[in-house]
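# Residue-level structure breakdown
Residue-level listing of the chains:
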Amino acid sequence: MDNDLCYGGNEIFAYSLRMRHTYTPTIAELEAFCACARGGTTVQAAETLGLTQSAISRSIAGLEGRLGVALFVRARQRMTLSDAGRAFLREAEPLLDRLNEAAMTVMAFGGQARVLRIAALPTFGRLWLIPRLRAFQSTMPGLTIDMAARLAPVDFEAEPFDLAIQRTQHRTSSATHIHLLDEELAVVAAPGLAGGRLTKHEVMRLPLLQQSTRPTLWPDWCRAVGLDPRLALRGARFDHFDMVLDAAIAGLGIALVPEILARAALGRGELIRALPGDFETGQAYTLIYPDRSEELPHFARFKDWLRAEIEGIWA
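Below: a short report on this structure. (Residues numbered from 1 in each chain as written. Predicted model: local features only at pLDDT ≥ 70, side-chain atom pairs only at ≥ 80, totals over all residues. Heavy atoms only, no water.)

## Focus on the environment of P122
As a reminder of what qualifies: Only DSSP runs of H or I reaching four residues or more are called helices, and only runs of E reaching two or more are called strands; each is numbered from the N terminus.
Along the chain, P122 falls in helix α6 (residues 122-137). For P122 and L151, which are 29 residues apart along the polypeptide, the C-alpha to C-alpha distance reads 7.3 Å.

Right, dumping it as structure tokens:
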């Protein structure tokens, strides 16, 4: 009886799968539809796709027959979208774009084992990591770096990253994490704006540059130094720390940024410390990675190199 029920269930599933596939357009049909929607004629669509006019016409006829609805209104050799066609175009074009992106992502693998895929905080990646990557690659000829910016925790099951360099708050229970360094914020400004060391009260009288994805930094700093945090929310807002640093260098206000990110600009004299000392946020920069990365020899080399570079900051 159980076998009969199981067999019957599988038959029903297979039937529903066949029925669902009956309505699924082919790639050729989607491409022909989108080309006709944009070009207005099968002739123009054929030229765009490098096909014959009859091939385009067959694809459109097959698609409309498959869906059981007219996607175009034909008049005087012109094709304009019907209401159903306009609704379908809104879904069809993004779908083709996503398929193309997926294909290019897979092609980027290139069958190579020597690719290191990194997710990093945007400013940390741009200002600290990228300038050092050439030195690392010189130790591993033939290694390709695939790097992306991530502000949200990385789902290593859904995304093919080998590692992430983010803050403590981005850790997940399904990944290993290694502490790199504590996050310490410095109060910095352009020399022309600050002129020299300021008091905390003088800082509060100047524009405070805000980091919009971390809006509590200035209020938290105010609490730590005994000032009213309600006074800390004015000032221009920017998405990332690199924008905040650029704004500070341009003299738009006082910045509260990770010292490790401001270090290069401080060294060049583009910024000065407006106040002595650093403010600890309780967060830390962290190396996060899935278990599978332990099997990659280039990951092990990168992990050792990264920790040595971090340790070298304080040497």
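## A look at a nonpolar patch on the surface
Counted only if it meets this: The patches reported here contain residues having more than 30% relative accessible area and no salt bridge. Joining distances are 9 Å for like charges and 5 Å for nonpolar side chains (Val, Leu, Ile, Met, Phe, Trp, Tyr). Under the convention used here, a 1.4 Å probe and the Shrake-Rupley method define accessible areas, while residue burial counts only the protein chains that appear. Any carboxyl oxygen of Asp or Glu that lies within 4 Å of a side-chain nitrogen of Lys or Arg is treated as forming a salt bridge with it.
Judged by side-chain polarity, I27, L95 and L99 come together as a nonpolar surface patch covering roughly 230 Å² of accessible area. Assignment of secondary structure puts L99 in helix α5 (residues 83-109).

## Thoughts on the packing of helix α2 (residues 27-39) against helix α4 (residues 53-67)
Stated precisely, the cut-off is as follows: The angle between two axes is taken between their N-to-C directions and runs from 0 to 180 degrees, where each axis is a line fitted to C-alpha atoms and a helix contributes only its stretch in contact. Note on angle classes: values under 35 degrees are labelled roughly parallel, values over 145 roughly antiparallel, values of 65 to 115 roughly perpendicular, and the remainder oblique. Here, residues are in contact when the closest pair of their heavy atoms is within 4.5 Å. Under the convention adopted here, Pro, Cys and the residues Ala, Val, Leu, Ile, Met, Phe, Trp and Tyr are nonpolar, Asp, Glu, Lys and Arg are charged, and Gly plus all remaining residues are polar.
α4 packs onto α2 with a crossing angle of 105 degrees between their chain directions and a minimal axis gap of 8 Å. As the angle between them shows, α2 and α4 are arranged roughly perpendicular. Between α2 and α4, the contacting residues are A28, E29, A32, F33 and C36 on the first element and I56, S59, I60, G62, L63 and R66 on the second. Its residues placed into classes, the contact of α2 with α4 shows seven nonpolar, two polar and two charged.

## A short note on the side chain of S293
Heads up, the condition is: Contacts described as polar in this section are N or O atom pairs within 3.5 Å, which, within protein, must combine one atom able to donate a hydrogen with one able to accept it, while residues neighboring in sequence count only if both atoms come from side chains.
Counting through the fold element by element, S293 comes out in the loop between β11 (279-289) and α12 (297-313). A polar contact of 2.5 Å, which involves the side chain of S293, links it to the backbone oxygen of D162. With residues up to four places along the chain from it excluded, the contact list for S293 reads D162 and F299.

## A few points about the packing of aromatic side chains
As a reminder, the rule being used: A pair of Phe, Tyr and Trp rings is counted when the ring centres sit within 6.5 Å of each other, with Trp represented by its six-membered ring. The angle between the planes then sorts it: under 30 degrees is stacked, over 60 is edge-to-face, the rest tilted.
In the structure shown here, the tally under the stated rule is nine aromatic pairs. These aromatic residues form a ring-pair network of at least three members: F33, F72 and F88.

## Re the pairing of strand β1 (residues 72-75)
Inclusion rule: Here the rule is simple: two strands pair whenever DSSP picks up at least two bridges between them.
Relative to strand β2 (residues 78-81), β1 is paired through four bridges, and the arrangement is antiparallel. Residue pairing across strands places F72 opposite L81, the latter belonging to β2.

## Brief notes about the environment of F33
We apply this condition: A simple rule labels every residue: compare its accessible area, found with a 1.4 Å probe on the protein chains alone, to the largest value its type can have, and call it buried under 20%, exposed over 50%, or partly exposed in between.
Inspection of the secondary structure assignment puts F33 in helix α2. Look at F33 and you get buried, because its relative accessible area is 0%. Linking F33 and A45, residues 12 residues apart in sequence, is a C-alpha distance of 8.5 Å. Apart from residues no more than four positions distant in its own chain, F33 is found in contact with I60, L63, L71, F72, L81, G85, F88, L89 and A92.

## Focus on the pattern of salt bridges
Under the counting rule described, the total for this entry stands at 15 salt bridges. With its nearest N and O atoms 3.0 Å apart, the salt bridge here joins R126 to D242. Of this pair, R126 sits in helix α6 while D242 sits in helix α10 (residues 241-249), placing them 116 residues apart in sequence. Relative accessible area serves as the criterion here: at 41%, R126 is assigned to the partly exposed category. Linking R273 and D278 is a salt bridge whose minimum nitrogen-to-oxygen distance equals 2.8 Å. Through salt bridges with shared partners, a single network forms among E259, R263, R273 and D278.

## Focus: unusual backbone geometry
Negative phi characterises most residues that are not glycine, and trans characterises most peptide bonds. Of note in this structure, R76 is not a glycine but carries a positive phi near 55 degrees. By secondary structure assignment, the location of R76 is in the loop between β1 and β2. Its identity is not glycine, yet Q77 carries a phi of approximately 65 degrees, on the positive side. For Q77, the position within the fold is in the loop between β1 and β2.

## Brief notes about α4
Heads up, the rule is: The span one expects for a helix is its residue count, reduced by one, times 1.5 Å. Directions are taken from the helix axis to each C-beta atom, and the arc is the one they span.
The terminal C-alpha atoms of α4, which comprises 15 residues, lie 21 Å apart, in line with the 21 Å expected from a rise of 1.5 Å per residue. Three or more residues of α4 are buried, namely A55, I56, S59, I60, L63 and E64. Buried positions in α4, seen along its axis, are confined to an arc of 165 degrees and lie on one side of it. Turned more than 90 degrees away from the buried face of α4, the exposed residues are R58 and G65. Remark: G68 follows α4 within two positions and exhibits a positive phi of approximately 70 degrees.

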